[in-house]
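A structural walkthrough
Here is how the chains run, residue by residue.
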Amino acid sequence: MNVVDIITKKKNREELTREELEYMVKGFTDGSIPDYQMSAFLMAIVLQGMSRENTVALTEIMRDCGDVMARSGIEGIKVDKHSTGGVGDKTTLIVAPIAAAAGVPIAKMSGRGLGFTGGTVDKMESIPGFRTAMEKEEFIRAVNERGIAVIGQTGNLAPADKKIYALRDVTGTTESLALITSSIMSKKLAAGSDAIVLDVKCGSGAFMKTLPDAEELAESMVDIGRASGKNMIAIISDMSQPLGNAVGNALEVQEAMDVLKGAGPEDIRELSLNLAGAMIAAGGIADGGADESEPSVMRGIRLAEEMLNSGRALEKFREFVEGQGGNPEIINDYRLMAQPSRSMEVRADESGYVTKVDALKIGLASQHTGAGREKKEDSIDMSAGIVLNKKVGDEVMEGELLFTAYANDADKLAKGVEEAKAAFEFGKIKAERPSLIKRVIE
Ligand code: URA
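Fair warning: this is a prediction, and the values are worked out from it, not measured in the lab. For every chain, the first residue of the written sequence is number 1, and numbering continues from 1 onward in sequence order. For this predicted model, a pLDDT threshold of at least 70 governs which residues receive local features, and a threshold of 80 or more governs which side-chain atom pairs are given and counted, while totals over whole chains, interfaces and linings are taken from all residues. To obtain the side-chain values, all non-hydrogen atoms of the structure were used and water was disregarded.

**A look at the overall build of the protein**
Helix numbering and strand numbering both begin at the N terminus, where a helix is a DSSP run of H or I of at least 4 residues and a strand a DSSP run of E of at least 2. For the protein, the helix and strand inventory stands at 16 helices and 13 strands. Radius of gyration: C-alpha atoms only; globule rule: 2.2 Å multiplied by the number of residues to the exponent 0.38. Relative to the 2.2 N^0.38 estimate, which gives 22 Å for 442 residues, the radius of gyration of the protein is 21 Å and therefore close to what a compact globule would have. By the burial criterion, 58% of the 442 residues in the protein qualify as buried. Each accessible area value is a Shrake-Rupley result obtained with a 1.4 Å probe; residue values ignore everything except the protein chains displayed when judging cover. When the accessible surface of the protein is summed, it comes to about 17100 Å², and 48% of that surface belongs to carbon and sulfur atoms. Charge counting follows a simple rule: Lys and Arg are positive, Asp and Glu are negative, and His as well as the terminal groups are ignored. Where a charge lies is defined by one atom per residue type: Lys uses NZ, Arg uses CZ, Asp uses CG and Glu uses CD. In the protein, 53 side chains carry a positive charge and 68 a negative one; their mean positions are 1 Å apart. Three labels apply to residues, based on accessible area from a 1.4 Å probe with only protein chains included: buried if under 20% of the type maximum, exposed if over 50%, partly exposed otherwise in between.

What follows is the structure, encoded as structure tokens:
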């Protein structure tokens, strides 16, 4: 088989054979196919798309490239959750402890940032001492003891995705239905949970910009999961503006802790409760309520609210942080997390209403401050990012604070501020807030 012939075939929009896909994925994973040829192949997929059959084959090949975890050592119905990637999306840090507090075993493998979007693993690493790498036995023990463990893509689980993901991050090849489906579902199927809750983002700060594209992605993933015998729920949620107010690693962990304490922005709380409710329902914990006519996701949401309001989710978060080597004192003192040396406040030039806070631009602004990677080998600045004071629909007076940017480098701060300023649009008439939950596929 010849790599250039396979790239050319894809460039010409031809259907590939399973053997050709296997040759590319295995060759890149074992290092015999170099980055530049894989980049060209990935770009051809982004530009030409992929049939359902090829997408299923690619997912299966990527799943089978490494170990497939049966997770037989974990008791109960294992429920996983995955977001397709967004700006300010810190829901895992809230949803996982809520669902775990309700009794759903959380054995989750999370990702790093991709392009302008953030990643849970990077966020968790902003907690001093926190370990995101664990051997399989330790991971299973942690879930059985504490009911929750969240790790990065370690060991030999979906190694093809790990390498391809890092390459996509820096080659402009993130926005593809086939690549996102195979990336997410290969990991989720290899990780071996019984049910999967997907948060499919839709809008400028997501890889899928429109509702029909997000629906197609959600249906493609649900389809592949169900074909493998998994119970699947997908929530399509808004990503036209950032989720919550904080964008950047340590800043987002702090906002997640605010929500766990019963405060924090309303949108992040609402989405977290819906995702946790779906996980609780998929885990069978919400079954058998008094009113059987009430859908189990609704019962799950009520249980999730109980976990949040009673402080049990915050306690579970403390246990989770401590259990993975992190300093739980951050919950009481945010100054124990990485602190930026510079900040800049940006205020409104005139009074009016905020009509747009473009999520993509805020994601890029945060990346420019140092919170994201621009090259594969870049390290990220845990303390950098943007905190918004105004969102779509808010009234703003001349001189009022719009956002604050944080960085450790003057040039990066200036670049971040410039991009974030461009994200804002204003009008004289109050704009509708975009609806947060667009559709639920059960
Ligand atoms: N999350 C993933 O794990 N992979 C993608 O391709 C996008 C989001």
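Still more to cover.
**Observations concerning the pattern of salt bridges**
Any carboxyl oxygen of Asp or Glu within 4 Å of a side-chain nitrogen of Lys or Arg constitutes a salt bridge here. For the coordinates displayed, the defined rule picks out 30 salt bridges. Residues Lys108 and Asp80 are paired through a salt bridge, measuring 4.0 Å at the closest nitrogen-oxygen approach. Of this pair, Lys108 sits in strand E2 (residues 106-109) while Asp80 sits in strand E1 (residues 79-83), and the two are 28 residues apart along the sequence. Accessibility expressed as a relative area gives 0% for Asp80, which makes it buried. A salt bridge links Asp89 to Lys201; the shortest N-O distance between them is 3.7 Å. A residue pair is termed long-range when its members are at least 10 positions apart, and Asp89 in the loop between E1 and helix H5 (92-101) and Lys201 in strand E4 (residues 195-202) qualify at 112 residues. A single burial state applies to Asp89 and to Lys201, both of which are buried. Connected via shared salt-bridge partners are Arg112, Asp122, Glu125 and Arg373.

**Quick notes on the site of the ligand**
Lining the immediate environment of the ligand, one finds His82, Ser83, Thr84, Leu114, Tyr165, Arg168, Ile180, Ser183, Ile184, Lys187 and Phe207. Within 3.5 Å is the distance limit for a polar contact, defined as a pair of N or O atoms, with the added protein rule that one can donate a hydrogen and the other accept it, and that residues adjacent in sequence qualify only through two side-chain atoms. Ser183 is positioned such that a nitrogen or oxygen atom in its side chain is 2.6 Å from a nitrogen atom of the ligand. Measuring from an oxygen atom of the ligand, one finds a side-chain N or O atom of Lys187 at 2.6 Å. Calculation on the ligand without its partners gives an accessible area of 240 Å², and the protein chains cover 97% of this total. Any residue with an atom within 4 Å of a point lines the site, the site being either a cavity, points on a 1 Å grid over the protein atoms alone where a 1.4 Å probe fits but cannot get out, or a pocket, an open set with protein on both sides within 12 Å along at least 5 of 7 lines. In this scheme, a molecule is assigned to a cavity or pocket if more than half of its atoms are within 2 Å of the grid points. Using a 2 Å cut-off from the grid points, one finds that the ligand occupies the largest cavity. Listed by contribution, the elements that provide at least two residues to the shell around the ligand are E1, helix H8 (159-169) and helix H9 (177-191). When grouped by side-chain class, the residues that make up the shell around the ligand number five nonpolar, four polar and two charged. Proximity is defined per residue: any heavy atom of the residue falling within 4 Å of a molecule or strand makes that residue near it. Under the scheme applied, nonpolar residues are Ala, Val, Leu, Ile, Met, Phe, Trp, Tyr, Cys and Pro; charged residues are Asp, Glu, Lys and Arg; polar residues are all the others, including Gly.

**Notes on the packing of aromatic side chains**
Working definition: an aromatic ring pair is given by the centre-to-centre distance plus the angle between the planes. Centres within 6.5 Å make a pair out of two Phe, Tyr or Trp rings, where for Trp the six-membered ring is used; the pair is then stacked when the planes are under 30 degrees apart, edge-to-face when over 60, and tilted otherwise. Inspection of the entire model under this criterion finds four aromatic pairs. Ring plane angle 70 degrees and centroid distance 5.4 Å describe the contact between Phe130 and Phe320, whose orientation is recorded as edge-to-face. One end of the pair, Phe130, is in the loop between helix H6 (120-124) and helix H7 (136-146); the other, Phe320, is in helix H14 (residues 312-323), with 190 residues separating them in the sequence. Just as Phe130 is buried, Phe320 falls in that class too.

**Some points on empty space enclosed by the protein**
Grid points are joined across faces, edges and corners, and a volume is the space filled by probe spheres set on the points. For the structure on display, the rule yields three cavities of 30 Å³ or more. In this structure, the largest cavity encloses a volume near 320 Å³. For the lining of the largest cavity, the elements supplying multiple residues, two or more each, are E1, H6, H8 and H9. At four residues, the largest contribution of residues to the lining of the largest cavity is made by H9. Tallied by class, residues from the lining of the largest cavity come to five nonpolar, 14 polar and seven charged.

**Some remarks on the layout of surface pockets**
The calculated volume of the largest pocket comes to roughly 330 Å³. Taken together, 18 residues form the lining of the largest pocket, with Arg112, Gln153, Lys162, Tyr165 and Ala166 sitting closest to its centre. Among the elements that take part in the lining of the largest pocket, H8 stands out by supplying four residues, more than any other. Here the lining of the largest pocket is built from residues that sort into five nonpolar, seven polar and six charged. Contributing to the lining of the second largest pocket are 17 residues, with Gln241, Glu266, Asp267, Lys391 and Arg433 lying nearest its centre. If one sorts the elements of the lining of the second largest pocket by residue count, helix H12 (residues 266-282) sits on top with three residues.

**Description of the sheet that holds strand E5 (residues 231-238)**
Pairing within the open sheet is mixed, and its four strands lie in the order E1-E4-E5-E13. Looking at strand neighbours, the two that pair on one side only are E1 and strand E13 (437-441), the edges of this open sheet. Recorded for the sheet is a direction-independent mean angle of 15 degrees between the axes of neighbouring strands. Two strands are said to pair when DSSP picks up at least two bridges between them. Strand direction decides the pairing type here: E4 and E5, joined by eight bridges, are parallel. The convention used is that axes are lines fitted to C-alpha atoms, helices contributing only their stretch in contact, and that angles between N-to-C directions extend from 0 to 180 degrees.

**Concerning the nonpolar core**
In globular proteins that are soluble, nonpolar side chains generally tend to be buried together. Only buried Ala, Val, Leu, Ile, Met, Phe, Trp, Tyr and Cys residues count toward a nonpolar core, and they belong to the same one when joined by side-chain atoms within 4.5 Å. Formed by 102 residues in total, the largest nonpolar core has its most connected members in Ile98, Leu198 and Phe403. Per-element tally for this core: the top contributor is H12, with ten residues. Note on contacts: a residue pair is in contact if any heavy atoms of the two residues lie within 4.5 Å. Dropping the residues within four chain positions of it, Phe403 is found in contact with Met344, Glu345, Val346, Ile386, Val387, Leu388, Asn389, Val417, Ala420, Lys421 and Phe424. In this structure, Ile6, Met24, Ala57 and Leu58 belong to the second largest nonpolar core, which totals 23 residues.

**Things to note about unusual backbone geometry**
Despite not being glycine, Arg13 shows a phi value in the positive range, around 65 degrees. Along the chain, Arg13 falls in the loop between helix H1 (3-11) and helix H2 (18-29). Given the relative accessible area of 57%, Arg13 is considered exposed. Look at Ala158: it is not a glycine, yet its phi comes out positive at around 45 degrees. With respect to the helices, strands and loops of the structure, Ala158 is situated in the loop between strand E3 (148-151) and H8. Overall, Ala158 belongs to the buried group, its relative accessible area being 0%.

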